[in-house]
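# Chains, contacts and geometry: an overview
Here are the chains, one letter per residue:
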Amino acid sequence: MEHISSALWEYLSIMLGTEVQVYIRRRIFALYNSIEEQVEGLRKIPSGSRAEGLSIPGSDIDTMVVLDHISVSENPDDLDIDIVMITKDIKPGFAKLCCQKNYHNYFRGELIKTHEGCFLSSLFTRDALVHWALKRHPDAIAHGPCSSFQLQLKLENDILVCLHCKTWPQIALEWINRRRHYGWPSSDLIQNIVQDGYFLVPIGNPNSQDSHLQWRISFSLAEKKLVYSFNPTQFLCYGLLKLFLKHAINSNEQVKDLLCSYFLKTSLFYCIEEENIVWNQENFLHCFWTCIRRLLKWILDEYCPNYFIKENNMFEGKICGRNSKVLYDYLFELYNNGLDSLRHIPGFSELNCKMFATNSLVIRNELRETLCDIEVVSKLKFYYGMNGLKKEYNTIIQLLQQTTDPIDRTILTLRFSRIVDSFVPLVCKDIQTTTLNKKRYRQIKGLKQFIIDNCLFGDKCTGMLLLATLCYLCGEYKEVVIIVQKVLKKIKYYTFYIGYVGKITYNHQYISAMCGKGLTLNQKLAHFSRHFICVIDHKFYPQEIETELVQHSTLQTAFIPPVVYCNVLLCLSYYHMECKNRMRDTLNELYIAVVHDERFINEEERPLANALLQRSLQICGN
């Protein structure tokens, strides 16, 4: 059993993330969150499994927006507070929020007056958030306490407003003083969590008649810190529990959606705290099934205690009576089937002892290194607002000057490069509206210098293609040829480049050429290039290919593989320069790159690449 557990542990570390990958994910969330807070002036707390470092397809992006300017306290005698939290005669884990001044400058329609006082309605607050989100995202809907809408890459984004209380709630004092025989969480971690206080999110107890007036006590930040303290085995067990719920438990229509991932996370918290087991690679399966056994007992008892407030039965009104029996029978069947029940999970269908007995699943150091590289470059975000870009540009410069951590510097460097990519087309669009030639000339010269200065950050190829595009739009075709030829010399067979869907081309050749050599990711950026990103509204691309870009754009954005874009720019420049022989040679290179060379173009990119090839042939009269 030990070798099966160990092999499964290795397999999951590829599937869910190595220890370094998880660290990188967390740093990306932390750094991006820090940037956005400074740009937008709001405190945001990323929560949920993605912020915890777990990347599972279909997981939501959860963000808590904290209204720090509103003070909350349990003690009505506290001075200068806006809201008093009332928990009397309310289910443990929930509270009513009574406004001291009958109103607050931030709230208007969200307040409800009763004979007991003026209360902040959780329902109206949530609905106000959804109304705000609908102005920006037409698909926004209410989802629990959140407003939920879809982002690029078809990721669901859940955002909610919450209030912060800086003191620890009286009802959760037992959690601080609880006897812990196995040293988790540590006393330092407990103290750190308690100092952060807790949050109140706009959703009430669904079984209460005045649910619309109640708010849930949330320990999201505390839970994130607890997950951060997991060792690799505990973290992979957390990931496997979520996969097991999604693909094994919820595959049964009778029990689907009775359990939520939060119940399984709670089971893991209690098991780490209370069970006398060894959380290591060889004992991985035993750890996992221990969590399932605890969950089975809770279902049998129809009582799932909240980890921080044991009196809060999270199964109340949901997993009881017939639901409880059906769920218990099915989960017990999965438990008895053991390893076979894991075959419900995609990628686990071929599980068998013979497979685990081989060394085929052992992660080579070079593969670990590549996975970490992919993790960094595939998490770039897209921002196009001019004011936001300027603030973010300055914020990242400051952070780069302050940090010495190599991973943080790489993350910030790539984000900075993406900001430059977005900034240049917007500035160029403004320049094109200038009517005075001298002013326009100075602005173009300044923009060129800006690109040159900032090509030192991020991948140089993308920066050079920005410069080449600007030169093309200004009719400086000889300069375009010089720049593009330099770019083509840099793009080797092992070039590491990423597209809209986050796929890496020829990563096995990248592993061979770049990994295991002791290079930092910043050093590898010389062999790294992103797609040339064309936002249709910005017009920062050759107008001759606009039709093709519009037809193959996603959310008004087209992504061109760098080799294809380089040759298209060359073809068009030679056409304008009337260099027929060189134009013919470049068309031939473009044809080979699109039709015969599979190294630089992914399958989903081929329609745009084929369209650009056809357009280039048409323009050049071939």
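Residues numbered from 1 in each chain as written. Predicted model: local features only at pLDDT ≥ 70, side-chain atom pairs only at ≥ 80, totals over all residues. Heavy atoms only, no water.

On to the overall build of the chain, then. Across its full length, the chain holds 24 helices and 16 strands. Among the 622 residues that make up the chain, the fraction classed as buried is 55%. Pairs at least 24 residues apart make up 67% of the contacts formed inside the chain by residues separated by at least 6 positions. Of the roughly 28,500 Å² of accessible surface on the chain, a fraction of 51% belongs to carbon and sulfur atoms. (Helix = DSSP H or I, 4+ residues; strand = E, 2+ residues; numbered from the N terminus. Buried < 20%, exposed > 50% of the residue type's maximum accessible area, 1.4 Å probe, protein only. Contact = heavy atoms within 4.5 Å. Areas by Shrake-Rupley, 256 points an atom, 1.4 Å probe, with all protein chains shown as cover.)

Take Y198: it is sitting in strand β11 (residues 198-201). Spatially, the C-alpha atoms of Y198 and K166 are 6.6 Å apart, while their sequence positions differ by 32 residues. In this structure, Y198 is in contact with E74, M85, L163, H164, C165, T167, W168, P169, I217, S218 and F219, ignoring residues within four places of it in sequence.

Another point: the packing of helix α15 (residues 406-432) against helix α17 (residues 460-473). At a minimum axis distance of 11 Å, the contact between α15 and α17 shows a crossing angle of 10°. By the angle class used here, α15 and α17 are roughly parallel. Note on element contacts: α17 touches α15 through T462, L466, L470 and L473, opposite V420, D421, V424, C428 and Q432. Of the residues belonging to the contact of α15 with α17, the class tally is six nonpolar, two polar and one charged. (Axes fitted to C-alpha atoms, helices over the stretch in contact; angles between N-to-C directions. Parallel < 35°, antiparallel > 145°, perpendicular 65-115°, else oblique. Nonpolar A, V, L, I, M, F, W, Y, C, P; charged D, E, K, R; others polar.)

This brings us to the packing of α15 against helix α16 (residues 437-454). When two helices pack together, their arrangement is given by the angle between their axes and by how far apart the axes lie. Where α15 contacts α16, the two axes come as close as 11 Å, and the packing angle between them is 175°. Between α15 and α16, the angle is such that the two are roughly antiparallel. Packed against α15, whose contacting residues are F416, V420, F423, V424, V427, C428, I431 and Q432, the element α16 presents R440, Q443, I444, L447, F450, I451 and N454 at the interface. Of the residues that constitute the contact of α15 with α16, the class distribution is 11 nonpolar, three polar and one charged.

The next subject is α15. The end-to-end C-alpha separation of α15 is 39 Å, in line with the 39 Å expected for 27 residues at 1.5 Å each. Across the 27 residues that make up α15, a large majority, 21, are buried. The N-capping residue of α15, defined by a side-chain oxygen 3.0 Å from the backbone nitrogen of I407, is D405. (Expected span 1.5 Å × (residues − 1). Polar contact = N/O pair within 3.5 Å; in protein donor to acceptor, adjacent residues only side chain to side chain.)

The next subject is the pairing of β11. The side chains of a regular strand alternate between both faces of the sheet. Of the two faces of β11, both are covered, the one formed by Y198 and L200 as well as the one formed by F199 and V201. For β11 and strand β12 (residues 214-218), the ladder comprises three bridges, and the chain directions are antiparallel. The residue of β12 that forms the bridge with F199 is S218. (Pairing = 2+ DSSP bridges.)

Time to look at the nonpolar core. Grouped together as the largest cluster of nonpolar side chains are 102 residues, with contacts concentrated most on L163, L200, F244, L259 and L342. For this core, the element with the most residues is helix α10 (residues 284-301), which contributes 11 residues. When residues no more than four places from it in sequence are discounted, the contact partners of L200 are V72, M85, A95, L97, C162, L163, W215, R216 and I217. Grouped together as the second largest cluster of nonpolar side chains are 84 residues, I24, I444, L467 and L525 included. (Core = buried A, V, L, I, M, F, W, Y, C linked by side-chain atoms within 4.5 Å.)

On to the pattern of salt bridges, then. What the rule picks out here adds up to 22 salt bridges. Taking the shortest distance from any N to any O, the salt bridge between K448 and E476 comes out at 2.4 Å. Residue K448 is located in helix α16, and its partner E476 is located in the loop between α17 and α18 (477-490); the two are separated by 28 residues in the primary sequence. Look at E476 and you get partly exposed, because its relative accessible area is 27%. (Salt bridge = Lys/Arg side-chain N within 4 Å of Asp/Glu carboxyl O.)

Turning next to the packing of aromatic side chains. Scanning the model with the defined rule gives 31 aromatic pairs in all. Ring plane angle 65° and centroid distance 6.1 Å describe the contact between F230 and F269, whose orientation is recorded as edge-to-face. Taken as a pair, F230 in the loop between α7 (220-228) and α8 (232-247) and F269 in helix α9 (residues 261-274) lie far apart in primary sequence, 39 residues in all. You can call F230 buried: its relative accessible area is 9%. Residue classification places F269 among the buried positions, given a relative accessible area of 1%. (Phe/Tyr/Trp six-rings, centres within 6.5 Å; stacked < 30°, edge-to-face > 60°.)

Turning our eyes to something else, we now look at the confidence of the model for the chain. Low pLDDT marks stretches whose predicted atomic positions should not be read closely. In this model, the chain carries a mean pLDDT of 85, and residues with pLDDT of at least 70 account for 88%. In this model residues 353-362 is a low-confidence stretch, pLDDT under 50, and it forms 18 contacts with partners more than four residues away in sequence or in other chains. Throughout residues 499-506 the model reports pLDDT below 50, and contacts reaching past four residues in sequence, or to other chains, amount to 24 contacts. (pLDDT = per-residue confidence, 0-100.)

It is worth spelling out the environment of M583 at this point. Take M583: it is sitting in helix α23 (residues 580-596). Among all residues touching M583, those that are not within four sequence positions of it are C571, Y574, Y575 and C620.

On to unusual backbone geometry, then. Cis peptide bonds are those with omega within 30 degrees of zero, and the linkage from W184 to P185 qualifies with -10°. Tracing the chain through its elements places P185 in the loop between α5 (173-177) and α6 (187-195). Residue K539 is not a glycine yet carries a positive backbone phi of 60°. In this fold, K539 is placed in the loop between β15 (532-535) and α21 (546-551). Notably, E578 is not glycine yet its phi reads approximately 60°, a positive angle. Within the fold, E578 resides in the loop between α22 (562-577) and α23. Residue class for E578 comes out exposed when judged on its relative accessible area of 67%.

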